Amino acid sequence: MWSENEKNILNIILDQLIPKNSKRNIPSAGELGIASFIFDAANKNNNLKDDVVFILDWALTKADKISPCLVRKLEKENPNAFVSLLTETYKGYYSRPDIRQKFGLSKKPVHPSGYLVVSESNDYLAQITDTVRARGPIYRDPTGG
Amino acid sequence: MSNEPVDVLIIGAGASGAAIAWSLIETKMRILCLEQGNHLSDKDFPSRRDDYELSRYAEFSCDPNVRRLKQDYPINSKDSCITPVNWNGVGGSTMNFLAHWPRMRPSDFRTKTLDGVAEDWPVDYYDLEPFYEINDRNVGVSGLSGNPAYPKYSVPNPPIPIGILGQTLAKGFNKLGWHWWPSDVAILSKDDNGRQKCVNAGTCDLGCAAGAKGGANFTYWPILENAGVELRTNARVSEIQVDKVSGLANGVLYYGADGRLNQQKAEIIIMACNGVGTPRLLLNSKSDLFPEGLANNSGLVGKNLMFHPLTGVAGVFDEPMKGHEGPMACSILSQEFYESDSSRGFIRGYGLHSGRSTTPMTFALGGYGIDNPIPWGDEHREIMDNMYPYLAGLTIVTEDLPEEHNCVTLDNELKDSDGIPAPKITYRVSENTKAMIKHGEERAREVLIAAGAKKILSKNDDNVWWRAGWHQMGTCRMGHDPKKSVVNGWGRSHDVKNLFIVDGSIFVTAGAVNPTSTIQALALYIGDQIKKNIGTLFD
């Protein structure tokens, strides 16, 4: 139900929302085709669908001119629709395992393996809490204990 | 399924309902628990899925108004700056809580005597101390014994790792000479009794598929079901009924999974629906004897709602803080500013809790419990690539004082899927709390800078976190005086002698700590009192 043209235009807008980081080889939202994620979500959520349709209508006549400045204007004039799109863009982009990995997280689901975090040794904990213990109790005890 | 009368009917299979059921097993009474939600297997938890973060904004949201599952009831929070969050199902909100486990402190039970505010509790720290200890063992608490912010007690399991984030912040606190301590957590640091130790997945709110988190679904319920406690799920209580002659509660009406209304008779009724659900049900249980709602002769049912208003400050460090590794909310805790100090410009105090920095999606959407996406465009890249991995934050957890205008009432129009009126929340943050938050933000900045932060991120507004309504307290408070409280010193209604309340609604004050440890200790204490007074229970 969404045309290829609409998809391309939405991806152009998404590139403005999450641009790429060439140095670290992190792609933009449009490059990843997050528009498809947003269309899928919009097909299940009428409010989001209305917002996406509204933004596409606005963008259709400006496809080759979309710039940060123009997107800023959209944000200012239509804040609710814009936040709705932005929220869904972040969800679509950061739900991808390959993107998660770029930020140091596991590409795999967090269960069952989770992450290895080494426990602090007893000696280390004793040393780092030494000044806290040295102050003695810091609570008020109205009953006298 | 039998609707034969039972000895004890518990409404709610969460933290407090499970704990008191465990306490009462030895009485050999026939115990039935009605739970509006269902029993989720760990295989249903989203942390095994590739797109696990998405569930935080859908079926595993902490906000029932977002989840909108059949077992959830909507909550009207339009007149509140904080919305209640919860989980409706076996384990209750311990399914998706973050398992931070500090106890309340001795002064929390005596705020009237010590600081001239609120009311004193009818119990004190030492009444609850043995029950904290029993509960810590049952739940599998981990931590470092010897915290000088408390009277001496032992923690059953060694601490979970505080990680580079906790170590870094600890150095800041030490530099300033301020209190801090590794957090007590209801999370296993070693395998125990079929439960796996924490794997540091960082998704405690999504159910903990390892079973390391001490949710009542993993701790108490397996024992209870083995012991013959009947758990009836998808059973939503709409009303507690009373006998017109004796004035005692004699049963409940509840909707089953098929949508039909059933009646269940019982000798003793125990409410364990927490600070919003319990007053909602009492206010919906009107009769000739109780036209303003059951057990409400004091007029205090639903009043004095307390949350813990929260805000946060984060610092950007040189090294990656690995905030996504390890339990979400638990690393270290400072109680330097917990007790009253008149020079600070407010009464009572707050804690500084080290939050970890969550996953990229949640951070980009504003943080856990916040709907405020971070900036887009080049600024987005800068924040995500050059700040997010290097963040360590402190959450300011303030003590909320009871005020009657902060309350739970019934909404005139909004209803759940069974047609039961939804709760309406009326709540605002007091000037005292605002002053506390401001003070806390300034102190948090100092610690972060002392710890080596090169940049500080804070909101620069007065708003508290919207989805901070985990801790729902005070709406059926306990006390000796029936005019000033709803239940007595051991959870029994002043007005209905066989009706007990064991959840967060009976708190007199809120402290500035996560309440579940105290909720369960109180439930065990009340169970103990019921056993001690069994011969004269209804006198």
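Source: prediction; values computed, not measured. (Residues numbered from 1 in each chain as written. Chains lettered and ligands numbered in written order. Predicted model: local features only at pLDDT ≥ 70, side-chain atom pairs only at ≥ 80, totals over all residues.)

Concerning the environment of Met-328 of chain B
Residues and elements named next belong to chain B.
Okay, step 1: Within the fold, Met-328 resides in the loop between strand S9 (310-316) and strand S10 (332-334).
Okay, step 2: Judged by the 24 C-beta atoms lying within 10 Å of it, Met-328 is buried.
Okay, step 3: Each C-alpha atom of the pair Met-328 and Ala-201 lies 8.7 Å from the other, and the pair is 127 residues apart in sequence.
Okay, step 4: Residues contacting Met-328, with those up to four places away along its chain left out, are Leu-98, Gly-202, Cys-204, Asp-205, Arg-356 and Thr-358. (Helix = DSSP H or I, 4+ residues; strand = E, 2+ residues; numbered from the N terminus. Buried ≥ 20, exposed ≤ 12 C-beta atoms within 10 Å, placed from the backbone. Contact = placed C-beta atoms within 7 Å.)

A short note on the interface of chain A and chain B
Okay, step 1: Taken together, the 46 residues of chain A in the interface contact 58 residues of chain B.
Okay, step 2: Broken down by element, the residue count for the side of chain A that touches chain B peaks at six residues, all from helix H5 (residues 79-94) of chain A.
Okay, step 3: Residue composition of the side of chain A that touches chain B, by class: 24 nonpolar, 14 polar and eight charged. (Nonpolar A, V, L, I, M, F, W, Y, C, P; charged D, E, K, R; others polar.)

Considering the confidence of the model for chain B
Okay, step 1: Mean pLDDT for chain B: 96, with 99% of residues reaching 70 or above.
Okay, step 2: Note on the complex model: pTM 0.97, ipTM 0.95. (pLDDT = per-residue confidence, 0-100.)

Considering the domain arrangement of chain B
Residue and element names in this part refer to chain B.
Okay, step 1: For chain B, the assigned domains read domain 1 (1-45 + 77-140 + 214-306 + 469-539) and domain 2 (160-204 + 310-399 + 430-463).
Okay, step 2: Between domain 1 and domain 2, the C-alpha centre-to-centre distance is 31 Å.
Okay, step 3: In this assembly, 18 residues from domain 1 lie in contact with 26 residues from domain 2.
Okay, step 4: A breakdown of the residues in the side of domain 1 that touches domain 2 according to their chemical character gives ten nonpolar, six polar and two charged. (Domains from an automatic or database assignment.)

A few points about the sheet that holds strand S11 (residues 350-355) of chain B
All names here are of chain B.
Okay, step 1: Here we have six strands laid out as an open sheet, ordered S4-S10-S11-S12-S9-S15, and antiparallel in their pairing. Each edge of the sheet is formed by a strand with only one pairing partner; in this case those strands are strand S4 (181-182) and strand S15 (455-458).
Okay, step 2: Sheet topology places S4 next to S10; two bridges connect them, and they run antiparallel. Its bridge partner lying in S10, Pro-182 is registered against Ile-332.
Okay, step 3: Running at roughly 25 degrees to S10, helix H5 (residues 163-176) makes contact with S10, S11 and strand S12 (391-398) of the sheet.
Okay, step 4: Along the sheet, helix H10 (residues 431-450) makes contact with S9, S11, S12 and S15, crossing S12 at roughly 155 degrees. (Pairing = 2+ DSSP bridges. Axes fitted to C-alpha atoms, helices over the stretch in contact; angles between N-to-C directions.)

Looking at the packing of helix H1 (residues 4-17) of chain A against helix H2 (residues 34-44) of chain A
All names here are of chain A.
Okay, step 1: Direction vectors running N to C along H1 and H2 enclose 110 degrees, while the axes themselves pass 8 Å from each other. Accordingly, the angle class assigned to the pair H1 and H2 is roughly perpendicular. Read as a crossing pair, H1 and H2 show a hand that is right-handed. Touching Lys-7, Leu-10, Asn-11 and Leu-14 of H1 are Ile-34, Ala-35, Ser-36 and Ile-38, all from H2.
Okay, step 2: Considering only residue class, the contact of H1 with H2 consists of five nonpolar, two polar and one charged. (Parallel < 35°, antiparallel > 145°, perpendicular 65-115°, else oblique. Left-handed = near helix turned anticlockwise from the far one by under 90°.)

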